[in-house]
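# Understanding the architecture of this molecule
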Amino acid sequence: MATTRAEERVACSLGKGTPAAVKFEESQALCGAGVLFLLPALLAHGLLKTKEVYQWSSKVFYSLESIVLTLAFMALSRIKNPEQLKQCKPGELGRIIGLDRVPEVKCLREKIQLLTAQNHASQLNNLLVDHWYSGQGKEDADFLYIDGHVRIYYGYKANLPVKFVSRQKLCLSATTEYWVNDAHGMPVMMVMGELTEKLQTAIEDLIIPQLQQTNLLSARTPEDQQPRCTFIFDREAYEPAFFHRLWTEHRIAIITYRKNVKDTWLENSFESSTVSVLQQSVNMHLCETQTELGGYLFREIRRLGKDGHQTSIVTTHPTLETNLIAGRMFGRWCQENFFRYLIEDYDFDKMTSFGTESIDLDKEVVNPEYRKLTHQIKKTREKIQRLQARFFPLIEQAIDEPLDKLPSITLKQMEYKAMLDKLRKVEDELVAQRVQAKPRIKLGQMPEQLRYNKLKTESKLLMNVIKMICYRAESSVATWMAPFLAKAEDEKRMVVKQVIASNADLSPDYQNNTLTITLHSLSAQRFNTAASELTKILNETETQFPGTNLKMIFQISAISDCAR
């Protein structure tokens, strides 16, 4: 069972103990101990900021640091929920965090519940944003990518609105998470939609108020015509009046695609430009002019494709150069790549806790009855159109065919005419019913058994914040290793994942206050060389393991063996 500190556990169970002290033992080939190579990056990205936000009992065995480290190491090791801990060796994982074993599934869920009950996930996220974008990193938040991610719900307890899921081309019960990423695609914050909010509503009612609680907006005083920051999003939030409102009320510029483009610009007005898109130089043919949309003036930039297609971009940024605007807009795929990576590797659509919560009954929603009638009217009109496509050709056929064939044609016409009259009557009845139904109603006016609710959000917010830290830490380590890899863009994340999954030896020295982590050999010598260079960078950080005064020393066995 891996439990060796029974007396401390019994004392805590009786309410007389204190959080267990971190104590390492000499260990050989610990499974997955390579994850400790990412601990300096985790700490640098603010993992222990949780101690500034959450309160923790002083009479439990597992300290807040141990629980947070466990959750972070689980995410990095691709252990996607507490139940998957049953498939892992508890003693091996426990030794990695300096204890006898990691929490059992039920215990870990109880600890997560203790954190979520405090409802401080948004406060933690805001604290991390100020930590990430202080000093030199502030410029990375000048441009923020915003997009919604639809999370499908496969359960039966919650009654959620139906949303269109583009990746499955279906309308399914789902919730929407609205993510904000910086200029390099790093996650900044996430807010949770409750019902069927559009991206425009989420930006004004959820994202901007939370950003105003951080230094990204509150501490920025715009100079001359410069914006506080620039939002970049797709056509989902397209509305000229909304763009003007963001600039006049918040001094926030936008860059987005233009909708309903009907005119074509002369091809000889486009000029060749070098555009940087996701750190790659691309040659594009661009042209810019001033355009009036909805009564407001905007800068419009178009890109001429090889097939002659013109992609239109509009912006309210007054001074940004044309090639930089195009580069930022076409670089929006860094956020899509972030979603794809987290879905595949971190499984961030997984539910963290089960159960539902109520929604404010005064919120307005689309009337389900109105939507149902609209759908029935649409289907009835489609049937009418299909019958008309059969009926009208019979009139021309009756003119051209001989007289002896007219009776059969007339019978078909009468049959189709009767069916059309019947369908038109049904259509009129449905339209009359829809006129009496309100398009939107308050949530409290819905029948109780059909009333929308929402999944528990706090635990999901907390786990998403931890996964943001893990993703940033993994990205930092990948960036550190990139100069030592020949195919850096293709291999850097793969090598980091290999480091995380590798075994390692732990050698504590309490006389000299050091903890040596020796990583076992990776799958190729060039990866070992890159990992060896990584150890030099990590050792320069002089990181102390949380809760101890042990300085972490990193090395790799493959290189040390070759040196001997």
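First, a word on scope: everything that follows refers to the structure included in this document. (Residues numbered from 1 in each chain as written. Predicted model: local features only at pLDDT ≥ 70, side-chain atom pairs only at ≥ 80, totals over all residues. Heavy atoms only, no water.)

### A few points about the sheet that holds strand 18 (residues 551-556)
Strand order across the open sheet formed by four strands is 1-16-17-18, with mixed pairing between neighbours. Edge positions in the sheet fall to strand 1 (27-30) and strand 18, since each of these pairs with one other strand and no more. Neighbour to neighbour, the strand axes of the sheet diverge by 20 degrees on average, direction disregarded. The pairing of strand 16 (residues 504-509) with strand 17 (residues 514-519) spans six bridges and is antiparallel. Considered in strand 17, the bridge of A504 is made with L519. Helix 16 (residues 525-541) contacts strand 17 and strand 18 of the sheet and is inclined by roughly 165 degrees relative to strand 18. (Pairing = 2+ DSSP bridges. Helix = DSSP H or I, 4+ residues; strand = E, 2+ residues; numbered from the N terminus. Axes fitted to C-alpha atoms, helices over the stretch in contact; angles between N-to-C directions. Contact = heavy atoms within 4.5 Å.)

### Topic: the nonpolar core
Of all hydrophobic cores here, the largest spans 123 residues; its most connected members are L42, I203 and F231. Here this core takes 13 residues from helix 14 (residues 458-481), the largest share from any one element. If sequence neighbours within four positions are ignored, L42 has contacts with L47, A72, F73, L76, I469, C470 and A473. In this structure, I255, V275, I325 and A326 belong to the second largest nonpolar core, which totals 18 residues. (Core = buried A, V, L, I, M, F, W, Y, C linked by side-chain atoms within 4.5 Å. Buried < 20%, exposed > 50% of the residue type's maximum accessible area, 1.4 Å probe, protein only.)

### Structural notes on the packing of helix 7 (residues 121-132) against helix 14
A pair of packed helices is characterised by two quantities: the angle between their axes and the separation of those axes. Here helix 7 crosses helix 14 at 20 degrees, and the two axes come no closer than 9 Å. By the criterion of interaxial angle, the relationship of helix 7 to helix 14 is roughly parallel. Along this stretch, helix 7 crosses helix 14, giving a crossing that reads as left-handed. Facing helix 7, whose interface residues are A121, S122, L124, N125, L128 and W132, helix 14 presents E458, L461, L462, V465, M468, I469 and R472. (Parallel < 35°, antiparallel > 145°, perpendicular 65-115°, else oblique. Left-handed = near helix turned anticlockwise from the far one by under 90°.)

### Quick look at helix 15 (residues 488-501)
Compared with the 20 Å implied by 1.5 Å per residue over 14 residues, the 19 Å span of helix 15 between its first and last C-alpha is a close match. Taken residue by residue, helix 15 has A488, E491, K492, R493, V495, V496, Q498, V499 and I500 as its buried positions. The inward-facing, buried residues of helix 15 abut helix 4 (64-76), helix 11 (333-346), helix 14, strand 17 and helix 16. (Expected span 1.5 Å × (residues − 1).)

### Observations concerning the packing of helix 4 against helix 14
Direction vectors running N to C along helix 4 and helix 14 enclose 60 degrees, while the axes themselves pass 9 Å from each other. What the angle tells us is that helix 4 and helix 14 run oblique. As for the relative orientation of helix 4 and helix 14, their crossing is right-handed in sense. Note on element contacts: helix 14 touches helix 4 through M463, I466, K467, C470 and E474, opposite L71, A72, A75 and L76. Grouping the constituent residues of the contact of helix 4 with helix 14 by class yields seven nonpolar, no polar and two charged. (Nonpolar A, V, L, I, M, F, W, Y, C, P; charged D, E, K, R; others polar.)

### Overview of the pattern of salt bridges
Applying the stated criterion across every chain yields a total of 31 salt bridges. Among the salt bridges present, the one from K379 reaches E382, with a minimum N-O distance of 3.8 Å. With K379 and E382 both in helix 12 (residues 368-400), this residue pair falls three residues apart, about one helical turn. Taking the relative accessible area as the measure of exposure, E382 reaches 27% and is therefore partly exposed. Members of the salt-bridge network, linked through shared partners, are R78, D345, E474, R493 and K497. (Salt bridge = Lys/Arg side-chain N within 4 Å of Asp/Glu carboxyl O.)

### Remarks on the side chain of S312
Counting through the fold element by element, S312 comes out in strand 11 (residues 310-315). Side-chain polar atoms of S312 contact the side chain of E300, separated by 2.6 Å. Non-local contacts of S312, meaning those with residues more than four positions away in its chain, are made with T256, Y257, R258, V261, E300, I301 and R302. (Polar contact = N/O pair within 3.5 Å; in protein donor to acceptor, adjacent residues only side chain to side chain.)

### Some points on the environment of F554
For F554, the location among the structural elements is in strand 18. The spacing of F554 and M329 is 225 residues in sequence and 41 Å in space, taken between C-alpha atoms. Apart from residues lying up to four places away in sequence, F554 is in contact with L36, F37, P40, I517, T535, L538 and N539.

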